[in-house]
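Report on the structure
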Amino acid sequence: MGIKIALLIVFFAVMVGVGIYSRKHATSVDGFVLGGRAVGPWLTAFAYGTSYFSAVVFVGYAGQFGWKYGIACTWIGIGNAVIGSLLAWVVLGRRTKVMTQHLGSKTMPDFFGERYDSKAIKITASVIVFIFLIPYTASVYNGLSRLFGMAFDIPYSWCVIAMAVFTALYVILGGYMATAINDFIQGIIMLAGIVAVVAAVLGGQGGFMEALSKMAEIPSDVPLTAGQPGAFTSFFGPDPLNLLGVVILTSLGTWGLPQMIGKFYAIKDEKSVNTGTVISTVFAIVVSGGCYFLGGFGRLFDSPEIYDGTGAVVYDSIIPYMLSALPDILIGIVVVLVLSASMSTLSSLVLTSSSTM
């Protein structure tokens, strides 16, 4: 417990420290919302990636889709990297940067209003952004509370309050630049953390090949492949069509998320877009691919603890249960990893939804 608390204290101290350091960039609306449109490729790429992947992906999606599709759910991570990161940067990056700078727009509703010379479109877009980012934020809090409950045995409400206070502190202090620098730090934690966790979980199962052979013995309970062993280790899994739908949904959806596209508004120049494209794609392969790859082994941890009173699987409980047997130092790293993923997403959501007001 001492290790976990110490890691948290260091984490929160760094976040607030960055907020104080970034105050000089938040002296105007443009500086607060976009960091003065002078954010480099590394900070922008990490800000994009960490906003993309939160506790929702690590705890919820990895658990749910890993259980349904087995190892094949790694394709979701690959799709996120290629369609959600690489293609999004190639198609939207430069164009968004040039157009928003030309129109002088700071947010997505602002862009719609300027581009079509319509206040009605601007207000409608603002309302849509504000209303629909609230359940998104709630899902991030839910993923976090599950892990905090497992690691610290603390109530959900306290977790929500603490997260809100610390996110508010560094966003209010330093605006976009504070979130971008913190996203970079949090992104490094996510990269190192996911590699360590995948290695530890597979090591606990006797290594990759041993874990794979155990997965191959589990018979499928998916209607299309019911009763077949090996379905959860096959190339496209037990239900390829639905898997393709999930890949498209989780990858193309990001193209319209204001907290994601807003990163292109703030990037320094067109050359930075090219560098950012490569960094963002590599980040997505490691983090998203790693999360879904880990989730793909979820059925090895079949236990009464992941079912509710009706006998249904609680998908949000699968990953926390997988990690509960890890050493304290690794659980501490996991908590900081998910905290990093979530706070980076939360800060983007806060900045995006508050700017609509």
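Described in the following lines is the structure provided in the data block. Predicted, not measured: the structure shown is a model, and the values here were computed from it.

Cut-offs applied
Residues numbered from 1 in each chain as written. Predicted model: local features only at pLDDT ≥ 70, side-chain atom pairs only at ≥ 80, totals over all residues. Heavy atoms only, no water. Helix = DSSP H or I, 4+ residues; strand = E, 2+ residues; numbered from the N terminus. Rg over C-alpha atoms; globule rule 2.2 N^0.38 Å. Buried < 20%, exposed > 50% of the residue type's maximum accessible area, 1.4 Å probe, protein only. Contact = heavy atoms within 4.5 Å. Areas by Shrake-Rupley, 256 points an atom, 1.4 Å probe, with all protein chains shown as cover. Lys, Arg positive; Asp, Glu negative; His and termini not counted. Charge placed at Lys NZ, Arg CZ, Asp CG, Glu CD. Core = buried A, V, L, I, M, F, W, Y, C linked by side-chain atoms within 4.5 Å. Phe/Tyr/Trp six-rings, centres within 6.5 Å; stacked < 30°, edge-to-face > 60°. Lys NZ or Arg CZ within 6 Å of the ring centre and 35° of its normal. Axes fitted to C-alpha atoms, helices over the stretch in contact; angles between N-to-C directions. Parallel < 35°, antiparallel > 145°, perpendicular 65-115°, else oblique. Left-handed = near helix turned anticlockwise from the far one by under 90°. Nonpolar A, V, L, I, M, F, W, Y, C, P; charged D, E, K, R; others polar.

1. Here we look at the overall build of the protein
A tally of helices and strands in the protein yields 14 helices and zero strands. Helices and strands appear in the protein in the N-to-C order α-α-α-α-α-α-α-α-α-α-α-α-α-α. Taken over the C-alpha trace, the protein has a radius of gyration of 20 Å; the compact-globule value for 357 residues is 21 Å, and the two agree within 12%. With the C-alpha coordinates aligned to their principal axes, the bounding extent of the protein is approximately 60 × 45 × 35 Å. Counting over 357 residues, the protein shows a buried share of 53%. Once local pairs closer than 6 in sequence are excluded, the contacts in the protein between residues at least 24 apart make up 82%. Summing over all exposed atoms, the protein offers an accessible surface of approximately 15000 Å²; the carbon and sulfur share of this is 69%. With 18 positive and 17 negative side-chain charges, the protein shows a spacing of 14 Å between the two charge centroids.

2. Section: the nonpolar core
Membership of the largest hydrophobic core comes to 99 residues, with the highest contact counts inside it found for Phe58 and Leu339. Element by element, the count of residues in this core is highest for helix α8 (residues 156-204), at 15 residues.

3. A short note on the packing of aromatic side chains
Applying the stated rule across the entire model yields 19 aromatic pairs. Here Trp75 and Phe235 contribute two aromatic rings whose centre-to-centre distance is 5.3 Å and whose plane-to-plane angle is 80°, an arrangement assigned as edge-to-face. Of this pair, Trp75 sits in helix α5 (residues 74-103) while Phe235 sits in the loop between α9 (208-216) and α10 (240-252); the two residues are 160 residues apart in sequence, bridging distant segments of the chain. Residue classification places Trp75 among the partly exposed positions, given a relative accessible area of 31%. Among the aromatic residues, those joined into a cluster by ring pairs are Tyr48, Tyr52, Phe53, Trp89 and Phe264. Above the face of the Tyr116 ring, Arg115 is positioned so that its terminal group lies 4.9 Å from the ring centre.

4. Thoughts on helix α11 (residues 258-266)
For α11, a buried count of nine out of nine residues is recorded, marking the element as mostly surrounded by other parts of the structure. Within α11 the residues assigned to the buried category are Pro258, Gln259, Met260, Ile261, Gly262, Lys263, Phe264, Tyr265 and Ala266.

5. Examining the packing of helix α3 (residues 41-52) against helix α12 (residues 270-295)
It is at 8 Å that the axes of α3 and α12 come closest, and there the two elements cross at 40°. The orientation of α3 relative to α12 falls into the category oblique. Where α3 crosses over α12, the two elements pack in a sense that is right-handed. Note on element contacts: α12 touches α3 through Ser272, Thr275, Gly276, Ile279, Ser280 and Phe283, opposite Pro41, Trp42, Ala45, Phe46, Tyr48, Gly49 and Thr50. Looking at side-chain class alone, the contact of α3 with α12 contains seven nonpolar, six polar and no charged residues.

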